[in-house]
Amino acid sequence: MKSIYTFYFLICWTMGFAFSPVVAQKNLPVVTWEEASLQAARDNKLVFVAVDIVPDKRIFSNETVKLFFERNLVPIYMDMQTEEGKTFEPKLLLTPYPVYAFFMPFGDLLLTVEPTKIVKDPLVLLDAAREAQRLAEVKKNNSRSVNFMTSGWQEVLVKAKEEKKPAFIYFREKSCRKCLFVENNVFNLDRMADFYNRHFIPYQVDISAEQPLLKTYGIEKLPAYLFVNGEGKVIYLTSGQTQTEEILQMGEEALRKAEGVKFSDNSWEQILALAQQEKKGIYVDCYTLVGGERRPLTEIVYRDPEIAALMNDHFINYTVDQKSEEGKRWAENYGLTSPFCQVFLDSTGKLVHLSAGIPDLSEFKEIVVSALEGRGLQFLSEKYKRGDREPVFVEEYIRILGRAGLKDKAGEVVESYLGELGTERLKNKKYWELFREYVIDIDSELFKYVSQYRTDFFSLFGREEVLKKIQQVWTVGAEGFVTKKEGKYVFDEAGFKNYVKRLKAEKIENWRSIVRKARMNAAEKTGNWKVYAELAEERWNEEQIPEAELYSWGVVIKENCRDKSIRYKAARWYALTVAEIEKKERLEGKVRVSSYKGFFEKLVNDLIEE
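The model shown is predicted, which means the values in this text are computed figures rather than measured ones. Per-chain numbering applies: the sequence of each chain, read as written, is numbered from 1 onward. Totals for whole chains, interfaces and linings use all residues, but because this is a predicted model, local features are given only for residues with pLDDT of at least 70 and pairs of side-chain atoms are given and counted only at 80 or more. Side-chain numbers come from the whole structure's heavy atoms, not from hydrogens or water.

## Quick notes on the overall build of the chain
In terms of helices and strands, the chain carries 28 helices and 14 strands. Against the globule reference of 25 Å for 610 residues, the chain gives a C-alpha radius of gyration of 37 Å, more extended than a compact globule. A principal-axis box enclosing the C-alpha atoms of the chain has dimensions of 120 × 55 × 50 Å. A simple rule labels every residue: compare its accessible area, found with a 1.4 Å probe on the protein chains alone, to the largest value its type can have, and call it buried under 20%, exposed over 50%, or partly exposed in between. Counting over 610 residues, the chain shows a buried share of 47%. Residue contacts follow a heavy-atom distance rule, with two residues in contact if any of their heavy atoms lie within 4.5 Å. Within the chain, counting contacts between residues at least 6 apart in sequence, those at least 24 apart form 65% of the total. Under this rule, positive means Lys or Arg and negative means Asp or Glu; His and the chain ends count for nothing. Charge positions come from single atoms, namely NZ of Lys, CZ of Arg, CG of Asp or CD of Glu. Within the chain, one finds 90 positive and 93 negative side-chain charges whose respective centroids are separated by 2 Å. What counts as a helix is a DSSP run of H or I of at least four residues, what counts as a strand is a run of E of at least two, and both are numbered from the N terminus. Only C-alpha atoms enter the radius of gyration; for comparison, a globular chain is expected to reach 2.2 Å times N to the power 0.38, where N is the number of residues.

## Looking at the confidence of the model for the chain
Any segment with low pLDDT has predicted coordinates that should not be analysed in fine detail. Overall, the prediction assigns the chain a mean pLDDT of 88, with 94% of residues at 70 or greater. A low-confidence stretch, residues 20–30 (pLDDT under 50), is modelled with 24 contacts involving residues beyond four sequence positions or located in other chains. pLDDT measures the predictor's confidence residue by residue and takes values from 0 up to 100.

## Structural notes on the sheet that holds strand β10 (residues 315–321)
Sheet strands pair by backbone hydrogen bonding; their relative direction is either parallel or antiparallel. The four strands are arranged β10-β9-β11-β12 in an open sheet whose pairing can be described as mixed. Two strands in the sheet have a free side with no partner beyond their single neighbour: β10 and β12 (351–356). Within this sheet the neighbouring strands show an average axis-to-axis angle of 15°, counted without direction. For two strands to be treated as a pair, DSSP must find at least two bridges joining them. With five bridges connecting them, strand β11 (residues 341–345) and β12 associate as antiparallel partners. Bridging across to β12, Val 343 finds its partner in Leu 354. All axes here are fitted lines through C-alpha atoms, helices being fitted over the stretch that makes contact, and every angle between N-to-C directions spans 0 to 180 degrees.

## Re the packing of aromatic side chains
Two aromatic rings, drawn from Phe, Tyr or Trp (for Trp, its six-membered ring), form a pair once their centres lie within 6.5 Å of each other, and the interplanar angle then sorts them: stacked below 30 degrees, edge-to-face above 60, tilted otherwise. Here the structure, examined in full by the defined rule, presents 58 aromatic pairs. Joined through ring pairs, the aromatic side chains of Phe 148, Phe 168, Tyr 170, Phe 187, Phe 195, Tyr 196, Phe 200, Tyr 225, Phe 227 and Tyr 236 make up one cluster. Here, over-ring charges are defined by two tests on the NZ atom of lysine or the CZ atom of arginine: distance to the ring centre within 6 Å, and angle to the ring normal within 35 degrees. Note that Arg 130 overlies the ring of Phe 68, its terminal NZ or CZ placed 5.6 Å from the centroid.

## Observations regarding the state of the cysteines
Criterion for a disulfide: a pair of cysteine sulfur atoms within 2.5 Å. As enumerated under the stated definition, the model contains one disulfide in all. Covalently, Cys 176 is tied to Cys 179 through a disulfide, its sulfur atoms 2.4 Å apart. Taking the torsion about the sulfur-sulfur bond, which here is approximately 80°, the covalent link between Cys 176 and Cys 179 counts as right-handed. The class of Cys 176 is buried, set by a relative accessible area of 10%. In this model Cys 341 remains outside any disulfide bridge; the closest cysteine sulfur is found in Cys 286, 6.4 Å from its own. Cys 341 sits in the buried class, given a relative accessible area of 1%.

Put into C-alpha cells, the structure is as follows:
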C-alpha cells in the first residue's frame, strides 16, 4: 500500500496542480476541509472535492480547464475511510461516492458529477464547475426560504380555507438524498420562497411521522409534492423533481388547476363553433348577482378539482347574467325560473339538461353526470311524452323537473301520478313528500284533499309541517295575478281581491304577509316603486325578514328606481339594520361573520350616492 506521502504527490502530479491532502503523516502540511473552506471564503472561490477518487490526469491536461480551476476553486481530495472523511460525509447529502462535488465555502453542496460522465469528455467537468459557480452566485444573493407550517394537518386545511389558497405539501425523509438536495439548494432561494409563500400554504411532512397522510394520498416516491384545496382534495401531485425551474413550473401548474372551471370570454357564436370543433357540450351558468348566495358555487363547487376536470374536459363553459339583454333572452328561450340556473347544451345549442338554485358539491356532480350520460331533463321529458309511466322513472322525472325549477310542470306530473294511485296514498310518507315538495296549485284535487282532511295529516306528519305546506301553496297562488301582455306586466287587481277573500275565508295564518309579498312582486314587475317601498317598509317594521331577502329589496331598488325619496327611504332600512347588527355584536362580544352587514353598508352608500 502506498504511503500517504506518496499518495499525496501522486494526486498532485495527476491533477496538474496542487490538491491539498485531508490527512497526512507527521511532518507533512495538513489542509483540512475547514481550512479549504476558509481559503475559499477568503478568495471568493468554491471548494472542489474529489471524493474517494484519484482524478484522471487527462482531465486537467486541457489548459482552459486547468486555468479555470486554479482561478475559481480550492481543490481537495477526500479519503472517506479516514476520520476526516466520516466527519465530511453528511455534507454529501447521501450522494454515493466516488464522485466529484462542488461546494459553497462552509459546506452547501451545489452539484455533483459522476466520474463515468467525464471519461469521454473532460470538458463536462468544466461545464459543471461553471454551473456550480452560477448556482453559488444565486445562493449568495438569496436570503429567504419557503415557510413550511409546523402545526398539524387540520390546521393547514383550516388556513388554506381561510386564506383561499391551495396547500402545498412536501413529503420528505431524512434518508432521501434528493430531499436533502432540494432543502439545501431550492427551498432557500428567494424566487422559490416568494412564489410558494405567496400562493400556497406550505407544509412539510416527514413520512416517518405522518404515515396516515402517506396512505391517504398514495405517496410512493420521494421527494413528493402534493397540492390540495382546503377540503384536502388533490389538485396536483408529482414527485422526484429537484431543480428550481421544475418545482416552480409544477407550482404554476397547480395554480392553473386550482382556478377550477375555466369560463370562456368568447361570444356565443364563437362558443358554438368551438364546441363543434372540439366535440364538446356547452355549459352555461345563468346567474343573477344577489348578495353572496352564489359564492358556494363559485368558490367551492367550481374550484373543486374533480368538478373542474369534468367541466373542462367535457364542456365549453360560458356565463350569462340574466339581467343583461342576452340573459333575458336565455331566460325566455329555456324557461328559466330561478336567478341561478345551470344549463347544459349539446354542441349545437340544443338543451340537454337544466338545473336551478345553488347546488352543493355532490348535487352538482350528480347534475353533470346526468348530462354526460344522456339522462338529462330533455331525455326524460321526451321519454315521458312517449308514455313511460314506470313509477321509478316518473319519480326520477319529478325530481329532475323540481331541480330544474319547473315546479309547475313537476306539480302537474305529481297530480297525474298520484291521481292515478288515489288521494289516499298521500298518507304514505313517500307520496306525501312528493306532494309537499312539488304541488303548488291551489285548485288541484290533491291540495283540496289535504286542506279538507288536514287534521288527519297533522297526526301523520305534524301540525307545523302541514300548515307550512298549506301556507306555501296559498303564497304561490297569490303571486299568479301578474301576467305579461305585449311585453308589459299587468296586475289583475280584481282577481287578486277575490283571492284575498278566499285567504281570509280559509283563515290562513299570516295572510297579511302573503298579500304584502304578492303585491310587492306585482309592484316590482309593473314598476310601481312607491307601492313597492311602502309594502317593503310595512314588512320590515312588522315581520322578521331574512337578511338575504332584505338585501334583495335594496338591490332591486338600486338597479331600477331613480326616485331619490324612495332610494333614501330604502337606505334608512339598511343603516338602521347595520346599527342593530353592531349592537348585537357588542352585546354578544363577537362579530357575526355570516351577516350581511358589509353588503348593507355598501347598499346605503349606493342608494344615496347615485
